[in-house]
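Coordinates in review
Single-letter residue listing:
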Amino acid sequence: MGTPVDLTDPLNGFSLEVMPRTAAKIDSFRDILPQETRIYIAHLDGTPFADMLTTAKRLRGEGFEVMPHVPARIVRDAQTLEAWLRAYRDEAGVDQALVLAGGVSQPLGDFESSIQLLETGLFDKHGFKRLHMAGHPEGNRDIDPDGSTKMVDQAATWKQAFSERSDAQMALVTQFAFEAAPVIDWARRYAEAGIDLPIHVGIAGPAKLQTLLKFAIACGVGQSLRVLQKRARDVTKLLKPIEPTQLLSDLTQQLRTGPQTHIAQVHVFPLGGIRASADYMAKARDEVKQARALR
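Since this is a predicted model, take the numbers as computed values, not measurements. (Residues numbered from 1 in each chain as written. Predicted model: local features only at pLDDT ≥ 70, side-chain atom pairs only at ≥ 80, totals over all residues. Heavy atoms only, no water.)

Before going further, it helps to spend a moment on helix H6 (residues 150-165). For H6, built from 16 residues, the straight-helix expectation of 22 Å at 1.5 Å per residue is met to within 8% by its first-to-last C-alpha distance of 23 Å. Turning to H6, its buried residues number three or more, namely Val152, Asp153, Ala155, Ala156, Trp158, Lys159, Gln160, Phe162 and Ser163. At its buried positions, H6 is contacted by helix H4 (114-119), strand S5 (130-135), strand S6 (169-177) and helix H7 (180-192). (Helix = DSSP H or I, 4+ residues; strand = E, 2+ residues; numbered from the N terminus. Expected span 1.5 Å × (residues − 1). Buried < 20%, exposed > 50% of the residue type's maximum accessible area, 1.4 Å probe, protein only. Contact = heavy atoms within 4.5 Å.)

Shown next as structure tokens:
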């Protein structure tokens with residue numbers, strides 16, 4: 001079960017998402033990230049599992065906590081799932097995973113949802129001690145085509161119940177958003193409904209507007225997309241990288257002054273490149289430390 005955490009400093013710990021092909025471009029993650037950073041490995045349809053495993057081994061070898069995605073809709077069957085989990089655990093020393101439905105519209109095998117994967121009991125069997133799952137502050141049209149949040153809310157209730165009967169540490173990780181208010185409202189609504197899983201809020205690392213728009217549309221970002229659309233009307237800002245500074249500032253302010261939520265930290269999607277996101281987070285954390293030192 002999650003412990004209530006009031007996030008007053010969203011830079012106090014963060015996680016970062018990579019893909020095998022983007023991770024391969026970084027010579028040393030130890031040179032650019034704090035050692036305590038948890039690194040997620042996105043498993044997209046078409047990515048060979050061998051590449052996922054190689055990346056997990058490499059990052060564990062550098063001393064990082066590694067959390068590979070396990071997307072239900074690209075897992076062929078229970079035997080495939082078991083083989084993947086066994087390899088992660090025995091060959092890479094990985095004991096945590098982000099369990100999600102996945103981005104493909106039609107399942108490639110026996111599974112359609114993260115819930116079905118967890119119900120196999122295989123994560124527990126293979127000693128996975130931390131399991132994160134998807135949260136949807138702005139809804140999800142794949143799950144609720146009518147634009148409501150009925151099904152995603154039911155799924156969150158199930159995830160809460162599962163966490164109460166599981167020994168694994170669990171959390172909800174959200175898609176990236178571009179403004180704080182929808183995320184805060186969603187987190188408060190869930191807290192009031194008794195869902196106390198820690199929430200890791202997705203943010204987009206520095207990237208050009210065109211890049212952010214492309215990913216936002218592809219990933220189904222909801223009402224916070226209006227922040228980008230407003231920015232797009234100013235042609236002088238089209239080529240300058242957009243940073244999540246305003247979102248982080250608003251998130252911090254609202255969490256300091258408003259009712260308690262279960263938001264715990266941020267999760268960075270490096271849409272403009274891993275190094276750019278790592279540099280931004282390092283700079284932002286240094287600025288927070290300097291500001292505190294002057295108080």
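This paragraph deals with the pattern of salt bridges. Scanning all chains against the criterion turns up six salt bridges. Residue Arg189 is joined to Asp153 by a salt bridge in which the shortest nitrogen-to-oxygen separation is 2.9 Å. Highlighted residues: Arg189 in helix H7 and Asp153 in helix H6, separated in sequence by 36 residues. By relative accessible area, Asp153 is classed as buried at 19%. Where salt bridges share partners, they join Glu82, Arg86 and Lys125 into one cluster. (Salt bridge = Lys/Arg side-chain N within 4 Å of Asp/Glu carboxyl O.)

Turning our attention to the nonpolar core. Within the largest apolar cluster, 71 residues are counted, with the highest numbers of intra-cluster contacts made by Val18, Phe29, Leu33, Phe123, Leu131 and Ile263. When residues no more than four places from it in sequence are discounted, the contact partners of Phe123 are Val70, Leu81, Leu85, Ala97, Val99, Leu117, Leu118, Phe128 and Leu131. Phe178, Ala207, Ala216 and Phe269 belong to the second-largest nonpolar core, a separate cluster that totals 10 residues. (Core = buried A, V, L, I, M, F, W, Y, C linked by side-chain atoms within 4.5 Å.)

Another aspect to go through is the environment of Phe176. Its place among the elements puts Phe176 in strand S6. With a relative accessible area of 1%, Phe176 lands in the buried category. Distance from Phe176 to Gly202, taken between C-alpha atoms, is 4.0 Å for residues 26 residues apart in sequence.

Turning our eyes to something else, we now look at the packing of aromatic side chains. Under the criterion given, the structure shown has seven aromatic pairs. With centroids separated by 5.2 Å and ring planes inclined at 0 degrees, the aromatic side chains of Phe49 and Trp84 adopt a geometry described as stacked. Taken together, the residues Phe49 in helix H2 (residues 49-61) and Trp84 in helix H3 (residues 78-92) connect sequence positions 35 residues apart. As far as burial versus exposure is concerned, Phe49 and Trp84 are alike and both buried. Put simply, the rings of Phe49, Trp84 and Tyr88 pair up and form one aromatic cluster. (Phe/Tyr/Trp six-rings, centres within 6.5 Å; stacked < 30°, edge-to-face > 60°.)

With that out of the way, let us pick up the sheet that holds S6. As summarised here, the arrangement of the eight strands in space is S1-S2-S3-S4-S5-S6-S7-S8, forming a closed barrel in which the pairing is parallel. Ignoring strand direction, the axes of neighbouring strands in this sheet form an average angle of 30 degrees. In this sheet, strand S4 (residues 96-100) lies alongside strand S3 (residues 65-71) in parallel orientation, the contact comprising three bridges. Within the sheet, the bridge partner assigned to His69 lies in S4 and is Leu98. In the packing of H6 onto the sheet, the strands contacted are S5 and S6, and the crossing angle to S6 comes to about 150 degrees. (Pairing = 2+ DSSP bridges. Axes fitted to C-alpha atoms, helices over the stretch in contact; angles between N-to-C directions.)

The subject of this paragraph is the pairing of S3. With six of seven residues buried, S3 lies mostly within the body of the structure. Sheet topology places strand S2 (residues 38-41) next to S3; four bridges connect them, and they run parallel. Bridge pairing in S3 links Ile41 to Pro68. A crossover links S2 with its parallel partner S3, the connecting element being H2, and its sense is right-handed. As a crossover connection, the stretch from S3 through H3 into S4 is right-handed. (Right-handed = clockwise from strand over helix to strand, strands pointing away.)

The subject of this paragraph is the packing of H7 against helix H10 (residues 245-257). Orientation of H7 relative to H10, taken along the N-to-C sense of each, is 35 degrees, at an axis distance of 9 Å. Crossing handedness for the pair H7 and H10: right-handed. Taken together, the residues of H10 that come into contact with H7 (itself represented by Ala180, Ala181, Ile184 and Arg188) are Leu247, Asp250, Leu251, Gln254 and Leu255. Split by residue class, the contact of H7 with H10 holds six nonpolar, one polar and two charged. (Left-handed = near helix turned anticlockwise from the far one by under 90°. Nonpolar A, V, L, I, M, F, W, Y, C, P; charged D, E, K, R; others polar.)

With that settled, the discussion passes to H7. Over its 13 residues, H7 extends 18 Å from the first C-alpha to the last, a length consistent with the 18 Å expected when each residue adds 1.5 Å. Every buried residue of H7 is accounted for by Ala180, Pro182, Val183, Ile184, Trp186, Ala187, Arg188 and Tyr190. If you follow the buried residues of H7, they end up packed against S5, H6, S6, strand S7 (199-204), H10 and strand S8 (263-269).

Take the packing of H2 against H3 next. At their nearest, the axes of H2 and H3 sit 10 Å apart, and the two run at 30 degrees to each other. As far as their axial angle goes, H3 and H2 are roughly parallel. Along this stretch, H2 crosses H3, giving a crossing that reads as right-handed. On the side of H2, the interface is formed by Phe49, Met52, Leu53, Ala56, Lys57 and Arg60, while H3 contributes Trp84, Ala87, Tyr88, Glu91 and Ala92. Counted by class, the contact of H2 with H3 contains eight nonpolar, no polar and three charged residues. (Parallel < 35°, antiparallel > 145°, perpendicular 65-115°, else oblique.)

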